[in-house]
Number of protein chains: 2
Amino acid sequence: MTTIGNREKKRLYLNEVATRDGFQNEAAFIDTDDKIALIDRLSACGYAKIEVTSFTSPKAIPALRDAEAVMHDIARAPGVVYTVLVPNVRGAERALSCNVDEVNLVMSVSESHNRANLRMTREQSFAQLRDVIDTVRGTGVAINVSLSTAMGCPMEGDVPLDTVLGWMERFAALGVQGVTLCDTTGMAHPAQVRELCKRASQAFGALELTLHFHNTRGMALANTLAALEAGIVRFDASLGGLGGCPYAPGATGNVCTEELVHMLELDGYDTGVDLAAVLDAAARLPGLIGHDVPSQILKAGRRLDLHAMPAHAQGVPAERTLS
Amino acid sequence: MTTIGNREKKRLYLNEVATRDGFQNEAAFIDTDDKIALIDRLSACGYAKIEVTSFTSPKAIPALRDAEAVMHDIARAPGVVYTVLVPNVRGAERALSCNVDEVNLVMSVSESHNRANLRMTREQSFAQLRDVIDTVRGTGVAINVSLSTAMGCPMEGDVPLDTVLGWMERFAALGVQGVTLCDTTGMAHPAQVRELCKRASQAFGALELTLHFHNTRGMALANTLAALEAGIVRFDASLGGLGGCPYAPGATGNVCTEELVHMLELDGYDTGVDLAAVLDAAARLPGLIGHDVPSQILKAGRRLDLHAMPAHAQGVPAERTLS
């Protein structure tokens, strides 16, 4: 905790996922040098963790086919955990050869989504990830598991809380350090988040628990409040809100980092993140990816980015009323 | 309270503002018949209140120049309060002649915004609104006052809490029934909302207190949670999220009704509002106004609007990973 005046600011830990979770959904390839420059910029922003890239097959995700080059050439900032997504043993070996700090494994807690997304049953995914864990354990590299559809599956609907806790249990038993509960398609709502986070924290006090929200239905920041209330201190977020939702064309995906940081800092939390630096990085995204990003605050500015009085107040009709 | 199973659902009261606060910002005139048809549709949705139109000068807001015709021809549903914005005595007389249930008066609690928006000092606005109150008092028509910039002014920044409470006090002394605290340009954040709502509720227990949030920086639903926590039960919202923010081109304005209702009902509140009917009404907006609306849920659907398994899961690369 950091002491400010006579009150303590609670420390939160943010993981920036835009260069993996965001970029993997981009149709156009982003130059390796541009990726490196962006990650270096993010390294100076104060994040606890950056999910740099994904060691998947270059055929499966060509957008991230430069994973080795990116990991090799970024300048690592002290204190930042550089994590990468790893789907299988081959990916783990590639990641280990790049000296990553952490590997992030992914499977869905709903059978349908796992089959749709990973083309395997959950048991097949678990077996594959267990092999990854066997490969990584003992190397000093940390292991996190991201559990997709933890707050709802777009094909099956609600996922029973006990199912989510059951998968956490199986990975905890394999000795992973962290689990991320992912609201993959933005189905979470605050009351649900509060209960899930309380139950998960109580059951797995030794695990580093991270929440990954999507803003698909506008609730990402409300869900964040609910998670904070339940004691969660680790959150994923994506610069500019990058990263779409394939089940809702045109809708936003990942919670936007700069909107998350803006709210959390205003509410008195210490995110470690420099909001001005993040906004500066986010402002470069449209030029990099060739299209607009969902970030609202990038358009509106911070709440105290004030405006000049309009050049009259001429031009404003006498009875104009905006409440 | 409505009893559902063994728990009681807290009753909330929603005021739909799209046809006033939204339509007044539209460049193209919306046909009177289309306005009437939409309001009739909204009347069947279960809102506690609908802000139908504005009795401002037709020159100042030509978009709402048909206020009399609209008020005259809508079919009023029993139990719904039909309110209208009124800027001055002339507007009040027009509104009274249309047999409205409530008039809504507006001024800003920050001097700069009042001058920019209404071209008057706050004292001039107060004097004018006092005359309106004198005109309406005793007619049986309710009076609500919407206080703009209550959570921040885009020109001045923070507005002291005591300033907000001071203006509430002056209007309470004139015998108004309700006050709406407006986050006019989306500057509110949850900790601030919690404190403002607690203080305002404590000080003015006899006033009907409504909160009006904008989603300019993504926090509208998070701020709603904070207000609920402080005991607030009345909220403004705008179908489709209609109603822009002149200080943030491209950013969203009013909180979106269907996103608000979706979250509140999921969290176990009784809004009285039929979400399916509201979504149906919102889906007609783009055709009516000629452009897209900010509503995310209109793109993504409700959380349990499920999707079929993709026609494979062929086509999904084996290692595709979306967390």
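This report concerns the structure included in the present document.

Rules used throughout
Residues numbered from 1 in each chain as written. Chains lettered and ligands numbered in written order. Predicted model: local features only at pLDDT ≥ 70, side-chain atom pairs only at ≥ 80, totals over all residues. Heavy atoms only, no water. Helix = DSSP H or I, 4+ residues; strand = E, 2+ residues; numbered from the N terminus. Rg over C-alpha atoms; globule rule 2.2 N^0.38 Å. Buried < 20%, exposed > 50% of the residue type's maximum accessible area, 1.4 Å probe, protein only. Contact = heavy atoms within 4.5 Å. Areas by Shrake-Rupley, 256 points an atom, 1.4 Å probe, with all protein chains shown as cover. Axes fitted to C-alpha atoms, helices over the stretch in contact; angles between N-to-C directions. Parallel < 35°, antiparallel > 145°, perpendicular 65-115°, else oblique. Left-handed = near helix turned anticlockwise from the far one by under 90°. Nonpolar A, V, L, I, M, F, W, Y, C, P; charged D, E, K, R; others polar. Arc of directions from axis to C-beta. Salt bridge = Lys/Arg side-chain N within 4 Å of Asp/Glu carboxyl O. Polar contact = N/O pair within 3.5 Å; in protein donor to acceptor, adjacent residues only side chain to side chain. Pairing = 2+ DSSP bridges. Least-squares fit on C-alpha atoms with pLDDT ≥ 70 in both. Patch = residues over 30% accessible without salt bridge, like charges linked within 9 Å, V, L, I, M, F, W, Y side chains within 5 Å. Lys, Arg positive; Asp, Glu negative; His and termini not counted. Charge placed at Lys NZ, Arg CZ, Asp CG, Glu CD. Core = buried A, V, L, I, M, F, W, Y, C linked by side-chain atoms within 4.5 Å. Right-handed = clockwise from strand over helix to strand, strands pointing away. Phe/Tyr/Trp six-rings, centres within 6.5 Å; stacked < 30°, edge-to-face > 60°. Lys NZ or Arg CZ within 6 Å of the ring centre and 35° of its normal.

**Here we look at the overall build of chain A**
- Assigned secondary structure in chain A consists of 12 helices and 10 strands.
- Relative to the globule expectation of 20 Å for 323 residues, the C-alpha radius of gyration of chain A, 20 Å, shows essentially globular dimensions.
- Across its three principal axes, chain A shows a C-alpha extent of roughly 70 × 45 × 45 Å.
- Split into buried and exposed, the 323 residues of chain A put 61% on the buried side.
- Taking contacts inside chain A between residues at least 6 apart in sequence as the whole, the part at least 24 apart equals 74%.
- Carbon and sulfur atoms make up 49% of the accessible area of chain A, which amounts to about 11,300 Å² in all.

**Side note on the packing of helix 9 (residues 220-229) of chain A against helix 9 (residues 220-229) of chain B**
- In the contact formed by helix 9 of chain A and helix 9 of chain B, the axes pass within 6 Å of each other and the chain directions differ by 50°. With respect to helix 9 of chain B, the element helix 9 of chain A is oriented oblique. With respect to the hand of their crossing, helix 9 of chain A and helix 9 of chain B are arranged in right-handed fashion. Contacts between helix 9 of chain A and helix 9 of chain B pair Leu221, Ala222, Leu225 and Glu229 of chain A from the former with Leu221, Ala222, Leu225 and Glu229 of chain B from the latter.
- Counted by class, the contact of helix 9 of chain A with helix 9 of chain B contains six nonpolar, no polar and two charged residues.

**Observations regarding helix 4 (residues 89-97) of chain B**
Residues and elements named next belong to chain B.
- Taken together, the buried positions of helix 4 are Gly91, Ala92, Arg94 and Ala95. Taken down its axis, helix 4 places every buried residue within 165° of arc, on the same side. Turned more than 90 degrees from where helix 4 packs its buried face, Arg90 and Ser97 sit exposed.
- For helix 4, the elements touching its buried residues are helix 3 (67-73), strand 5 (81-85), strand 6 (102-108) and helix 6 (122-136).
- Phi turns positive one or two residues past the end of helix 4, at asparagine 99, with a value near 65°.

**Some points on the interface of chain A and chain B**
- With 85 residues of chain A at the interface, the matching set in chain B holds 85 residues.
- Counting the contacts that link chain A with chain B gives two salt bridges.
- In this structure, aspartate 158 of chain A engages arginine 303 of chain B in a salt bridge whose closest nitrogen and oxygen atoms are separated by 2.8 Å.
- At the boundary of chain A with chain B, the tally comes to 20 residue pairs in polar contact (both at pLDDT 80 or more).
- Counting only elements with at least two residues in the side of chain A that touches chain B, the list comes to helix 1 (18-22), helix 5 (111-118), strand 7 (142-148), helix 8 (190-203), helix 9, helix 10 (257-266) and helix 12 (297-300) of chain A.
- In terms of residues, the side of chain A that touches chain B owes the most to one element, helix 5 of chain A, which gives six residues.

**Let's talk about the environment of methionine 219 of chain A**
- In this structure, methionine 219 of chain A sits in the loop between strand 9 (208-212) and helix 9.
- A sequence separation of 143 residues divides methionine 219 of chain A from arginine 76 of chain A, and the C-alpha atoms of the two residues are 33 Å apart.
- Not counting residues up to four positions away in its chain, the partners in contact with methionine 219 of chain A are Ala188, His189 and Pro190 of chain A together with Leu221, His262, Met263 and Leu266 of chain B.

**Concerning the sheet that holds strand 6 of chain B**
All names here are of chain B.
- Pairing in this closed barrel of eight strands is parallel, and the strands run 3-4-5-6-7-8-9-10 around the ring. Strand-to-strand twist of the sheet, defined as the mean angle between neighbouring strand axes without regard to direction, takes the value 25°.
- Those strands touched by helix 2 (residues 32-43) are strand 3 (13-16), strand 4 (49-54) and strand 5, and its axis lies near 165° from that of strand 4.
- Where helix 6 meets the sheet, it contacts strand 6 and strand 7 (142-148), and its direction lies at approximately 170° from that of strand 6.

**A short note on the relation of the copies chain A and chain B**
- Between the two copies, chain A and chain B, the superposition gives an RMSD of 0.0 Å; the rotation angle is 180° and the shift along the axis is 0.0 Å. The transformation relating the two chain copies, once decomposed into turn and shift, fits a two-fold axis. Every residue of chain A has its C-alpha some distance from the rotation axis, and the shortest such distance is that of alanine 222 of chain A, at 1.9 Å.
- When the interface residues of chain A are mapped onto chain B, 100% of them are again interface residues, pointing to one common binding face.

**Some words on a negative patch on the surface**
All names here are of chain A.
- Taken together, the side chains of Asp31, Asp33, Asp34 and Asp73 present a region of like negative charge at the surface.
- Within the fold, aspartate 33 resides in helix 2 (residues 32-43).
- Looking at aspartate 33, the relative accessible area reads 61%, which means it is exposed.

**What about the sheet that holds strand 4 (residues 49-54) of chain A?**
All names here are of chain A.
- Read around the barrel, eight strands follow the order 3-4-5-6-7-8-9-10 and close on themselves; strand pairing throughout is parallel. The sheet shows a mean angle of 25° between the axes of neighbouring strands, taken without regard to direction.
- Inspection of the sheet shows strand 5 (residues 81-85) paired to strand 6 (residues 102-108) by three bridges, in the parallel sense. Bridging from a neighbouring strand, threonine 83 pairs with glutamate 102 of strand 6.
- The strands touched by helix 2 are strand 3 (13-16), strand 4 and strand 5; relative to strand 4, the strand with the most contacts, the crossing angle is about 165°.

**Regarding the packing of helix 6 (residues 122-136) of chain A against helix 7 (residues 161-173) of chain A**
Residue and element names in this part refer to chain A.
- Axis separation between helix 6 and helix 7 bottoms out at 11 Å; the angle between their running directions is 30°. Relative to helix 7, the element helix 6 is oriented roughly parallel. Once helix 6 is placed against helix 7, the crossing between them reads as right-handed. Residues Arg122, Glu123, Phe126, Leu129 and Ile133 of helix 6 form the contact with helix 7, whose own contacting residues are Thr163, Trp167, Arg170 and Phe171.
- Residue composition of the contact of helix 6 with helix 7, by class: five nonpolar, one polar and three charged.

**Brief notes about the nonpolar core**
- Grouped together as the largest cluster of nonpolar side chains are 207 residues, with contacts concentrated most on Phe171 and Leu181 of chain A together with Phe171 and Leu181 of chain B.
- Residues contacting leucine 181 of chain A, with those up to four places away along its chain left out, are Leu147, Ala150, Met151, Val164, Met168, Leu196, Ala200, Leu209, Thr210, Leu211 and His212 of chain A.

**Some words on the pattern of salt bridges**
All names here are of chain A.
- Across all of its chains, the model carries 33 salt bridges over all chains by this definition.
- Close ionic contact of lysine 49 with glutamate 102 constitutes a salt bridge, the shortest N to O distance being 2.8 Å. Here lysine 49, found in strand 4, pairs with glutamate 102, found in strand 6; they are 53 residues apart in sequence, far enough to count as distant. Each member of the pair, lysine 49 as well as glutamate 102, is classed as buried.
- Ionic contacts of the salt-bridge type, sharing partners, join the residues Arg41, Asp280 and Arg284 into one network.

**Re the pairing of strand 6 of chain A**
Residue and element names in this part refer to chain A.
- Along strand 6, seven of the seven residues are buried, which leaves the element largely enclosed by surrounding structure.
- Of the two faces of strand 6, both are covered, the one formed by Glu102, Asn104, Val106 and Ser108 as well as the one formed by Val103, Leu105 and Met107.
- With helix 4 (residues 89-97) bridging strand 5 and the parallel strand 6, this β-α-β connection has right-handed handedness.
- With seven bridges connecting them, strand 6 and strand 7 associate as parallel partners. Within the sheet, the bridge partner assigned to valine 106 lies in strand 7 and is serine 146.

**Some details on the packing of aromatic side chains**
- Enumeration according to the criterion identifies four aromatic pairs over all chains in this entry.
- Seen from their ring centres, phenylalanine 126 of chain B and phenylalanine 171 of chain B are 5.0 Å apart, and the 70° between their planes marks the pair as edge-to-face. Taken together, the residues phenylalanine 126 of chain B in helix 6 and phenylalanine 171 of chain B in helix 7 (residues 161-173) connect sequence positions 45 residues apart. The exposure classification of phenylalanine 126 of chain B matches that of phenylalanine 171 of chain B, with both residues buried.
- Connected via pairs of aromatic rings, a cluster forms that spans Phe126, Trp167 and Phe171 of chain A.
- Sitting over the face of the ring of tyrosine 13 of chain A, arginine 234 of chain A holds its NZ or CZ atom 5.3 Å from the ring centroid.
- Here arginine 170 of chain B stacks its cationic end above the ring of phenylalanine 126 of chain B, 4.1 Å away from the centre of that ring.

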